[in-house]
Amino acid sequence: MNERLHSVLAQRGVPPESLAEVCEVDPKTVGRWLGGRVPHPRHRFRVAQHLRVEETFLWPTPPRGVGKPGSGSDTELVGTYPNRASVPRDTWLSLLQGARDQIGLLVFSGTFFAQSNPRVAKMLAERAAAGVRVRLCFGDSNGRAVAVRGREEGIGGDTLAAKIRASLTYYRPLLSEAGCEVRLHDTTLYTSLFRYDDNLLANPHIWGQPASANPVLHLKRVDAAGWFDNYAQSFEAVWAGARPWAPGQEGTAAHGQD
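A quick note: this is a predicted structure, and the numbers were derived from the prediction, not measured.

Quick word on the sheet that holds strand β4 (residues 180-185)
Move 1: In spatial order, the strands read β1-β7-β6-β5-β2-β3-β4-β8; together these eight strands make up an open sheet with mixed pairing. Of all the strands in the sheet, the pair left with one neighbour each is β1 (77-81) and β8 (243-244).
Move 2: Here four bridges tie β1 to strand β7 (residues 216-220), and the two strands are oriented antiparallel to one another. Directly across from Leu77, in β7, lies its bridge partner Leu219.

A few points about the confidence of the model for the protein chain
Move 1: On average, the protein chain scores 86 in pLDDT, and the residues at 70 or more come to 90%.
Move 2: Low confidence marks residues 62-73, where pLDDT is under 50. Its contacts with residues over four positions away, or in another chain, come to 16 contacts.
Move 3: In the model, residues 251-258 has pLDDT below 50 throughout and makes 17 contacts with residues more than four positions away in sequence or in other chains.

Brief notes about unusual backbone geometry
Move 1: Positive phi, normally seen in glycine, also occurs at Glu24, with a value near 60 degrees.
Move 2: Tracing the backbone through its elements, the reader meets Glu24 in the loop between α2 (16-23) and α3 (27-34).
Move 3: With a phi close to 60 degrees, Arg52 is a non-glycine residue in the positive phi region.
Move 4: Counting through the fold element by element, Arg52 comes out in the loop between α4 (41-51) and α5 (55-58).
Move 5: Look at Arg52 and you get partly exposed, because its relative accessible area is 48%.

Some words on the pattern of salt bridges
Move 1: One pass over the full model with this rule turns up 11 salt bridges.
Move 2: Two residues, Asp140 and Arg243, come together in a salt bridge whose shortest N-O distance is 3.1 Å. Of this pair, Asp140 sits in the loop between β3 (133-139) and α9 (144-153) while Arg243 sits in strand β8, and the two are 103 residues apart along the sequence.
Move 3: Look at the salt bridges and you will find they share partners, linking Arg12, Arg52 and Asp90 into a network.

Notes on the pairing of strand β2 (residues 102-106)
Working note: regular strand, side chains alternate between the two faces of the sheet.
Move 1: Extensive coverage of β2 is indicated by the burial of five of its five residues.
Move 2: Note: β2 against β3, five bridges, orientation parallel. From the neighbouring strand, Gly104 faces β3, where its bridge partner is Arg135.
Move 3: Pairing geometry for β2 and strand β5 (residues 191-196), over four bridges, is antiparallel. Opposite Leu106, over in β5, you have Leu193 as the bridge partner.

Topic: the packing of aromatic side chains
Move 1: Across all of its chains, the model carries eight aromatic pairs by this definition.
Move 2: Grouping aromatic residues by their ring pairs yields a cluster made of Trp92, Phe112, Phe113 and Phe194.
Move 3: The ring of Phe57 is capped by Arg4, whose NZ or CZ atom sits 4.9 Å from the centre of that ring.
Move 4: For the cation-ring pair, Arg135 lies above Trp239, with the distance from its terminal atom to the ring centre recorded as 5.5 Å.

Here's the deal with the packing of α2 against α3
Move 1: Interaxial distance between α2 and α3 falls to 8 Å at its minimum, and their mutual angle equals 110 degrees. As judged from the angle between their axes, α2 and α3 are roughly perpendicular. Seen along the crossing, α2 lies across α3 with a hand that is right-handed. In contact with Pro16, Leu19, Ala20 and Cys23 of α2, α3 contributes Pro27, Val30, Trp33 and Leu34.
Move 2: Among the residues making up the contact of α2 with α3, the classes are represented as eight nonpolar, no polar and no charged.

Some details on the environment of Leu95
Move 1: By secondary structure assignment, the location of Leu95 is in helix α6 (residues 89-98).
Move 2: In this structure Leu95 comes out as buried when scored by relative accessible area, which is 6%.
Move 3: Separated by 100 residues in the primary sequence, Leu95 and Arg195 have C-alpha atoms spaced 8.7 Å apart.

What to know about the side chain of Asn214
Move 1: Locating Asn214 in the fold gives a position in the loop between β6 (199-204) and β7.
Move 2: Among the polar contacts made by the side chain of Asn214, one reaches the main-chain amide nitrogen of Ile206 at a distance of 2.8 Å.
Move 3: Among residues more than four places away in sequence, those in contact with Asn214 are Pro82, Asn83, Arg84, Asn203, Pro204, His205, Ile206 and Gln209.

Reading the values: rules and limits
Residues numbered from 1 in each chain as written. Predicted model: local features only at pLDDT ≥ 70, side-chain atom pairs only at ≥ 80, totals over all residues. Heavy atoms only, no water. Pairing = 2+ DSSP bridges. Helix = DSSP H or I, 4+ residues; strand = E, 2+ residues; numbered from the N terminus. pLDDT = per-residue confidence, 0-100. Contact = heavy atoms within 4.5 Å. Buried < 20%, exposed > 50% of the residue type's maximum accessible area, 1.4 Å probe, protein only. Salt bridge = Lys/Arg side-chain N within 4 Å of Asp/Glu carboxyl O. Phe/Tyr/Trp six-rings, centres within 6.5 Å; stacked < 30°, edge-to-face > 60°. Lys NZ or Arg CZ within 6 Å of the ring centre and 35° of its normal. Axes fitted to C-alpha atoms, helices over the stretch in contact; angles between N-to-C directions. Parallel < 35°, antiparallel > 145°, perpendicular 65-115°, else oblique. Left-handed = near helix turned anticlockwise from the far one by under 90°. Nonpolar A, V, L, I, M, F, W, Y, C, P; charged D, E, K, R; others polar. Polar contact = N/O pair within 3.5 Å; in protein donor to acceptor, adjacent residues only side chain to side chain.

Written out as structure tokens, the structure is:
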């Protein structure tokens, strides 16, 4: 079954019969798509356009020549984007709203995450109330890693630190929500991570450039030997060494971290 197509139709409130009308096909054809058959390219384009999602999200194409045949790494790459702004807003929203088990965020400031969706804190609280574990990990504004990153980007550590403090204000309401945790880390961050259950958006960092200008990989977990789990393990390692955020104490660096 094409679970992603099922999910998006349900989220959009679009019955299969309506999609059949839009694509000018028999409803049985849409039923076959839902069952796993891949539509003709022109139909894939029309479906993605009508549902306002990326075509590669509904019908991911495994990359050729990546990893070993049959391994997780050659099948878990759902799609790639040249920069973070290229990721459709609907993709961010559908992944967040579709999470059933956990949501994890690992960034320095993650300013765009809230500024592009002013309701993000409320949406995260709603997911937590539904039993989803929400973990948000930001850079320590007074940490060494933030100072170094700011210098490398050419904006200065003080500027990046200010962005972090501004970003955290959006998430203050989450501190009183059961199932929500916010921590600060002081680690060298090679990749910003956005996890939603078995989907993960990885935003690698290129030296001297802001994360927003760098590519984004959309990964879907296949097995424990793939890229997804490598990134997930790095999130867990940083999370374990991070300290809980207490508003007003952002300037206190964590001890014992390099």
